[in-house]
Amino acid sequence: MSLVLVEDAGAIAVLTLNRPEARNALSHELVLEAIGAIDRLSQDPEKRVLVITGAGDEAFSAGADMHQMIELAPPELGRFLADMRRLFRRISDLSHPTIAAVNGHAHGGGAEIACSCDLRLGCERTTFRFPGVSYGLAVGTWHLPTVVGLPKAKELLFTAERVGAEEAARIGLLNRVVAGASLLDEAKALAARIAEHPPQVVRSVKSLLDRTVGAPLLQRFYRELYSNQDRGVSREVQERIERALAEQD
C-alpha cells in the first residue's frame, strides 16, 4: 500500500498522507515517499497548485511516528529527523502555491507540514500542537512567527498547548474553518480559483512575499517593480485588463 497518494486533477494535485490506521503518523518511509512525490510534482509544468491532506477523518497527521523513533539507533534517528526537515523545506520551497486541508489533528510534524504550506483550511475536528519542547527539540521557529506573529508563536512553542479550530482561525493559523464533509472540496475550489490566474505571475507573487517578509518597505517596493518589469506588459495582461473593464460596464 502506498503511504502517499497523489490525485491528478489537471492543474491541481492532491497529495494525501495515507496511514489512517496510525493517524497518518510520519514514518521514515512515508517521509521519503512524500519527498519523492513532491519532487516529481515540482517538475510537472502542468501543475499550478498543490493540496495536501490526510487520509481518514481523525487526523491530518499526528506527527512523527514515535513508535518507530524509539526503535532507531542514534544515527538512524538523526537521518529520520533530517529527512523530516527536508520534507518541510521541499513543501515551503515549491514555486507554486500550496494548501493544507487540515482534516483533523495536526500535531508535531503534522503541524509543521501544514505551516509549510501557503494556506490552511480546517474543520471542526482540526487541532494544532507543537510539542517539540516536550521532547527536547526546537521546532517550528523558522515559519510559525510569519504565520501567527512572534508573541503568539512563542506562546505556542513554549507551552506546547493544543489549539482548536476556532482559536486557530482567530490567530491566523487557519485561513478559514469549513464543515468537515466539504473540507477537501473547499480546498480544491480555492486551488481552482488560484489556478485560473497566469501561473508565472502567481509564482512571482509567492516568491516576492516569501523573500521580502521583514525587508524594508522601499526594498519590497522595488523588488515588486523589477519583477513586473522583467516580465514586461504582455498582450495577455492587456487582454485581462480589457475583460475586467468589460465586466465593470
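Right above here is the structure, for reference.
Residue positions are counted from 1 within each chain, in the order its sequence is given. At least 70 in pLDDT is required for a residue's local features to be given in this predicted model, at least 80 for side-chain atom pairs to be given and counted, and no such filter applies to totals for whole chains, interfaces and linings, which use all residues. Working from all heavy atoms in the structure, the side-chain values ignore hydrogens and water.

Participant: For the overall build of the chain, give the residues involved together with the corresponding values.
Facilitator: Check the secondary structure of the chain and you find 11 helices and 10 strands. It is over C-alpha atoms that the radius of gyration is taken, and the globule rule equals 2.2 Å times the number of residues to the power 0.38. At 19 Å, the chain has a C-alpha radius of gyration in line with the 18 Å of a compact globule built from 249 residues. Seen through its principal axes, the chain has C-alpha atoms that stretch 65 × 40 × 35 Å. Buried, partly exposed and exposed residues are distinguished by accessible area as a fraction of the type maximum, computed with a 1.4 Å probe on protein chains only: under 20%, between the cut-offs, and over 50%, respectively. Classification of the 249 residues of the chain by burial places 45% in the buried group. Of the contacts formed within the chain by residues at least 6 apart in sequence, a portion of 71% connects residues at least 24 apart. Summed over its atoms, the accessible surface of the chain is roughly 13,000 Å², and 54% of this surface lies on carbon and sulfur atoms. Here the chain contributes 29 positively and 33 negatively charged side chains, and the mean placements of these two sets differ by 5 Å. Under the scheme used here, helices are H or I runs from DSSP no shorter than 4 residues and strands are E runs no shorter than 2 residues, and both carry numbers assigned from the N terminus. Here, residues are in contact when the closest pair of their heavy atoms is within 4.5 Å. With residues, only the protein chains shown are counted as cover, and all accessible areas are computed by Shrake-Rupley using a 1.4 Å probe. Positive charge is attributed to Lys and Arg, negative charge to Asp and Glu, and no charge count is given to His or to the chain ends. A charged residue contributes its charge at one atom only: NZ of Lys, CZ of Arg, CG of Asp or CD of Glu.

Participant: Hey, could you go over the sheet that holds strand 10 (residues 176-177) for me, with residue numbers and the actual values?
Facilitator: As a general point, the strands of a sheet are linked pairwise by backbone hydrogen bonds and lie either parallel or antiparallel. Two strands qualify as a pair provided DSSP detects at least 2 bridges between them. With mixed pairing, the 6 strands of this open sheet are ordered in space as 1-2-3-5-7-10. At either margin of the open sheet sits one strand with a lone partner, and together these are strand 1 (4-9) and strand 10. One ladder, built from 4 bridges, connects strand 3 (residues 49-54) with strand 5 (residues 98-102); its direction is parallel. Looking at the pairing, Ile52 lines up with Ala100 of strand 5. Fitted lines through C-alpha atoms serve as axes, helices being fitted only where they are in contact, and the angles separating the N-to-C directions of these axes extend from 0 to 180 degrees. Set on the sheet, helix 1 (residues 28-42) makes contact with strand 1, strand 2 (12-17) and strand 3; between it and strand 1 the angle comes to about 20°.

Participant: Can you lay out the sheet that holds strand 8 (residues 127-129) for me, pointing to particular residues and giving the numbers?
Facilitator: With mixed pairing, the 4 strands of this open sheet are ordered in space as 4-6-8-9. At either margin of the open sheet sits one strand with a lone partner, and together these are strand 4 (59-61) and strand 9 (163-164). The pairing of strand 8 with strand 9 spans 2 bridges and is antiparallel. Bridge pairing in strand 9 links Thr127 to Gly164. Most of the contacts of helix 4 (residues 109-116) go to strand 6 (residues 105-107), to which it runs at about 95°, and overall it touches strand 4, strand 6 and strand 8.

Participant: An account of the side chain of Thr53 is needed here, citing residue identities and associated values.
Facilitator: Mapped onto the secondary structure, Thr53 falls in strand 3. For the purposes of these results, a polar contact is taken to be a pair of N or O atoms within 3.5 Å, where, inside protein, one atom must be able to donate a hydrogen and its partner to accept one; residues adjacent in sequence count only when each atom of the pair is a side-chain atom. One polar contact links Thr53 to Asn103, side chain to side chain, over a distance of 3.3 Å.

Participant: Which residues make up helix 4, and what are the values?
Facilitator: Judged by how many residues are buried, helix 4 sits mostly within the fold: 8 of 8 residues are covered. Turning to helix 4, its buried residues number three or more, namely Gly109, Gly110, Ala111, Glu112, Ile113, Ala114, Cys115 and Ser116.

Participant: Summarise unusual backbone geometry; cite the residues concerned and give the values.
Facilitator: In this structure, Arg23 is a non-glycine residue whose phi angle is positive, near 55°. Mapped onto the elements, Arg23 comes out in the loop between strand 2 and helix 1.

Participant: How would you explain the environment of Ala153 if you had to name every residue and give the values?
Facilitator: With respect to the helices and strands, Ala153 occurs in helix 6 (residues 150-159). Among the residues examined, Ala153 registers a relative accessible area of 1% and is labelled buried. For the pair Ala153 and Ile171, spaced 18 residues apart in sequence, the C-alpha to C-alpha distance is 9.9 Å. With residues near it in sequence (within four places) discarded, Ala153 still touches Leu144, Pro145 and Val148.

Participant: If you had to explain the nonpolar core to someone new, which residues and values would you point to?
Facilitator: In terms of nonpolar packing, the biggest core is built from 47 residues, with Ile113, Phe128, Phe130, Leu144 and Leu173 touching the most fellow members. The biggest single contributor to this core is helix 1, with 7 residues. If we ignore the near neighbours within four places in the chain, the residues touching Phe128 are Val102, Ala106, His107, Ala111, Ala114, Arg120, Glu161, Arg162, Val163, Ala168, Leu173 and Leu174. Among the nonpolar cores identified, the runner-up in size contains 16 residues, and Val49, Val178, Ile194 and Ala195 belong to it. Among buried residues, the Ala, Val, Leu, Ile, Met, Phe, Trp, Tyr and Cys ones that are joined through side-chain atoms within 4.5 Å form a nonpolar core.

Participant: How would you explain the pattern of salt bridges if you had to name every residue and give the values?
Facilitator: The rule for a salt bridge is simple: a side-chain nitrogen of Lys or Arg has to be within 4 Å of a carboxyl oxygen of Asp or Glu. Following the criterion strictly, the structure yields 13 salt bridges and no others. Lys47 serves as the salt-bridge partner of Asp44, at 3.4 Å between the closest nitrogen and oxygen. Residue classification places Lys47 among the buried positions, given a relative accessible area of 3%. With a closest N to O distance of 3.8 Å, Arg125 and Glu124 form a salt bridge. Accessibility expressed as a relative area gives 28% for Arg125, which makes it partly exposed. On the basis of relative accessible area, Glu124 is assigned to the exposed category, the value being 54%. Among the ionic contacts, a cluster of salt bridges with common partners joins Lys152, Glu155, Glu167 and Arg170.

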